[in-house]
Amino acid sequence: MQEELPIPMMAEIERRWIIEALRRTGSGIKAAKLLKVGHSTIYRKMKEYGVKFVAGKLTRVKQV
């Protein structure tokens, strides 16, 4: 019998991409451009996932 590996939910994958883009760019607008989405989408998703990014630093990241 083959062991099943846990597969992250799509929301968790999206959250991880947003956090990484914020770390790499230091800006929500630049992160949006990197991910090829609108800046309002990034900010909405950050709120949804509990990601706080202030003055170029992640200040709070809620687990999904």
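Here's a quick rundown of the structure. Since this is a predicted model, take the numbers as computed values, not measurements.

1. Description of the nonpolar core
And then number 1: Grouped together as the largest cluster of nonpolar side chains are 11 residues: I18, I19, A21, L22, A31, A32, I42, M46, Y49, V51 and F53.
And then number 2: At the level of elements, α1 (10-25), α2 (28-35), α3 (39-49) and β1 (51-54) are the ones that each hand at least two residues to this core.
And then number 3: Broken down by element, this core gets its largest block of residues, four residues, from α1.
And then number 4: Contacts of V51, omitting those with residues within four sequence positions, involve R15, I19, L22, M46, L58 and R60.

2. Topic: the environment of R15
And then number 1: Locating R15 in the fold gives a position in helix α1.
And then number 2: In this structure R15 comes out as buried when scored by relative accessible area, which is 5%.
And then number 3: In sequence terms R15 and K45 are 30 residues apart; their C-alpha atoms lie 7.8 Å from each other.

3. Observations concerning the pairing of β1
And then number 1: A one-sided burial pattern is seen for β1, the buried positions being V51 and F53 and the unburied ones K52 and V54.
And then number 2: Taking the residues between adjacent antiparallel strands as the criterion, β1 and strand β2 (residues 57-61) are bridged by two residues, where A55 takes a positive phi near 50°.

What counts and what doesn't
- Starting afresh in each chain, residues are numbered from 1 along the sequence in its written order.
- Local features are withheld for residues below a pLDDT of 70 in this predicted model, meaning they are given only at 70 or higher, and side-chain atom pairs are given and counted only at 80 or more; totals for whole chains, interfaces and linings count all residues.
- Processing note: side-chain calculations cover all non-hydrogen atoms of the structure and skip hydrogens and water entirely.
- Throughout, nonpolar core names a set of buried Ala, Val, Leu, Ile, Met, Phe, Trp, Tyr and Cys residues whose side chains join them through atoms within 4.5 Å.
- The rule is simple: take the accessible area with a 1.4 Å probe, protein chains only, and divide by the maximum for that residue type; under 20% is buried, over 50% is exposed, in between is partly exposed.
- The secondary structure listing takes helices from DSSP runs of H or I that are at least 4 residues long and strands from runs of E that are at least 2 residues long, numbered from the N terminus.
- Any pair of residues with heavy atoms lying within 4.5 Å of one another is described as a contacting pair.
- By definition, two strands form a pair when at least two bridges between them are found by DSSP.

It is worth stressing that arrangement in space is one thing and function is another; only the former is reported here.
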